[in-house]
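Descriptive structure summary
Below, each chain spelled out in residue letters.
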Amino acid sequence: MKFEDLLLEIGGFGRFQILILTMLCLPRINVPMHFLLHNFLAATPSHHCAIPHQEAFVNLTMEEVLLISIPRNLDGTFSSCEMFSQPQFHLLLNSSLQPENKSLIQHCQHGWVYDHSQFTSTISTQWDLVCEQRGLNQATATFFFIGVTMGAMVFGYLSDRFGRKAMLQLSLVCSVAFGMLSAASVSYTMLAVTRTLTGVALSGLSLIVLPLGMEWVDVQHRTFTGILTSIFWSVGNMLLALAAYLVREWHWLLVAVTGPCLLSIVCLWWVPESARWLIAKGKVKQAHRHLLRCARMNGRKDFAEDMPLKMYAQRMVLQREYMGNPRGNYSYISLFRTPVLRKISLCSGVVWFGVAFSYYGMSMNLTGFGLSIYLSQFIFGAIEIPAKMVMYVLVNRVGRRQSQAWTLILTGVCIGANIVIPKPFTSLRSVVAIMGKGCSEAAFTTVFLYTSELYPTILRQNGMGYTSFLARLGGALAPLVFLLDEVWRSLPEVTYCGVAVCSGAVAFLLPETLNVRLPEGIEDIE
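Residues numbered from 1 in each chain as written. Predicted model: local features only at pLDDT ≥ 70, side-chain atom pairs only at ≥ 80, totals over all residues. Heavy atoms only, no water.

Our next topic: the packing of aromatic side chains. Going through the model one piece at a time under the given rule, you end up with 28 aromatic pairs. One Lys or Arg, Arg72, reaches over the ring of Phe78 and ends 4.5 Å from the middle of that ring. Above the face of the Tyr245 ring, Arg248 is positioned so that its terminal group lies 4.8 Å from the ring centre. (Phe/Tyr/Trp six-rings, centres within 6.5 Å; stacked < 30°, edge-to-face > 60°. Lys NZ or Arg CZ within 6 Å of the ring centre and 35° of its normal.)

Another point: the domain arrangement of the chain. Here the domain parsing of the chain yields domain 1 (1-33 + 132-324), domain 2 (47-114) and domain 3 (336-525). Each of domain 2 and domain 3 has a C-alpha centre, and the two are 44 Å apart. (Domains from an automatic or database assignment.)

Attention now goes to the environment of Tyr330. As for its placement among the helices and strands, Tyr330 is situated in the loop between helix H14 (307-322) and helix H15 (339-363). Given a relative accessible area of 8%, Tyr330 falls into the buried group. Residues Tyr330 and Arg222 lie 108 residues apart in sequence; the distance between their C-alpha atoms is 25 Å. (Helix = DSSP H or I, 4+ residues; strand = E, 2+ residues; numbered from the N terminus. Buried < 20%, exposed > 50% of the residue type's maximum accessible area, 1.4 Å probe, protein only.)

Taking 1.5 Å per residue, 14 residues should reach 20 Å; helix H17 (residues 384-397) reaches 20 Å between its end C-alpha atoms and fits that length. The complete set of buried residues in H17 reads Glu384, Ala387, Lys388, Met391 and Val395. In this structure, the buried residues of H17 make contact with helix H9 (222-246), H15, helix H16 (373-382), helix H18 (400-420) and helix H19 (426-454). Looking one or two residues past H17, Gly399 carries a phi angle of roughly 100 degrees, positive in sign. (Expected span 1.5 Å × (residues − 1). Contact = heavy atoms within 4.5 Å.)

Glancing now at the state of the cysteines. Applying the stated criterion to the full structure yields two disulfides. There is a disulfide in this structure between Cys49 and Cys108, and the S-S distance comes to 1.7 Å. What sets the handedness of the Cys49 and Cys108 disulfide is the S-S torsion sign, and at about -65 degrees it is left-handed. A residue pair is termed long-range when its members are at least 10 positions apart, and Cys49 in strand S1 (residues 47-49) and Cys108 in the loop between strand S3 (105-107) and strand S4 (112-114) qualify at 59 residues. (Disulfide = S-S within 2.5 Å.)

Before going further, it helps to spend a moment on the UniProt feature "transmembrane region" (unreviewed entry) in the chain. If you check UniProt for "transmembrane region" (unreviewed entry), the listed places come out as residues 139-158, 170-191, 197-217, 224-246, 252-271, 344-362 and 374-394 in our numbering. The distance separating the terminal C-alpha atoms of residues 139-158 is 28 Å; by composition the span is 100% helix and 0% strand. Segment residues 224-246 splits into 100% helix and 0% strand. End C-alpha atoms: 33 Å apart. (UniProt positions renumbered as here; feature names shortened; annotations may be inferred.)

Taken together, Leu239, Leu242, Tyr245 and Leu246 make up a surface patch of nonpolar side chains, about 410 Å² in accessible area. Looking at the secondary structure, you find Leu246 in helix H9. Judged by relative accessible area, which is 61%, Leu246 ranks as exposed. (Patch = residues over 30% accessible without salt bridge, like charges linked within 9 Å, V, L, I, M, F, W, Y side chains within 5 Å. Areas by Shrake-Rupley, 256 points an atom, 1.4 Å probe, with all protein chains shown as cover. Salt bridge = Lys/Arg side-chain N within 4 Å of Asp/Glu carboxyl O.)

What follows deals with the side chain of Gln377. For Gln377, the position within the fold is in helix H16. One polar contact links Gln377 to Asn39, side chain to side chain, over a distance of 3.2 Å. If near-sequence neighbours (up to four positions away) are discounted, Gln377 is found in contact with Leu36, Asn39, Phe40, Asn237, Leu240, Ala241 and Leu366. (Polar contact = N/O pair within 3.5 Å; in protein donor to acceptor, adjacent residues only side chain to side chain.)

In structure tokens:
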């Protein structure tokens, strides 16, 4: 007897499942508020070199002081990283006469002055992470995603070994602890370390919430469950824009986005362990207790037989013995031991890398569209909801594979289009960017649902951990690619475009899972 048959007996999607999904959606909101926090935590406002002895220029306006102290860029704006070694008073007579003697121009010697009209403080203004130190600013996001990458491997394995719920609780508690420590950072090193550890902890939320919900619903409602859970990611995106708009100081912004994890910890006590996992681990009595609770809440009070569970548990034991693993303890190596599973693992890993790389590449580029950074963040979050609604129809009509491939390819096309659209066409660039963001989110929504259906129950969290590892690797590299604009201004966009299109092509190599039962063991895959 398959687990789906048991779910049908107790109600595959009733009040019990709705309660679980509601509780799991709360921690889901917390995830994007940290994952995309870099947009505001490390925002760099306009700045210029601090001008020494500025009080000597009391008869000059601020514009005139800048004119004689700061060289101009080719576009006429004042340089952010250079200053004149001595005041150039002749520029007051003719500002178009820039000094031909380059020796008069030097790097900032006395620090920087920042525009605080938009941000009270960020880590850029706190520790002067600009100009030569710009790489450290971008590296903050990379450190966070390195933590998420490590956490994906750790929580993927541990949740298959010790259970989904226990690891989800541990993830939430650690997220609160490290998030608050990040807010209390007194040095860049402390912030880098605590943000990395926060990434490790939050990876558990990102990794476990969807599979735990999916393992409690029947086949017909799997797509709905995946889409519903991902909608709350978009809600978190929009709430981040609101929180950042209201809280302009980076310490308190970290507190504001970490605090909701406390509510999630409380709500998680009502969420049961995955019955699928309990049965796969031979814990039949615990699974039976949760299934009886589910049956009562769904109005199926006649469900009291334990024979189907025993038959199912026995089948799992035989299956483990067949695969040469009588204890049922699988590792990441198991993902590559058999031919079909090996192909799935390799291809899904490439797809996840491409999805995350292009998604975070777009999500962390909120400028250049003629909109404020807060409005861009809100719109980028809001456009994801209709994109998810469209995917709800598409994945059930055209299938998971086609949806996954074409959303990634279209993401690359939109990124590529904005390379050739001139900068002055801000409205057109905004529309194309929003369309690309919608396609990118559609690809992310699909890949979570698709991957959870590709791997068997006994390896599902290992599979999600492995693919999430590659996704977070893509997320870690995405902010560093922005530094390539020093080589060629359009090189970052070209890179995002190429990776998105290539990974979309790889998605065509994966098997279709539309209306297919979740595989229980490796033999179901092979």
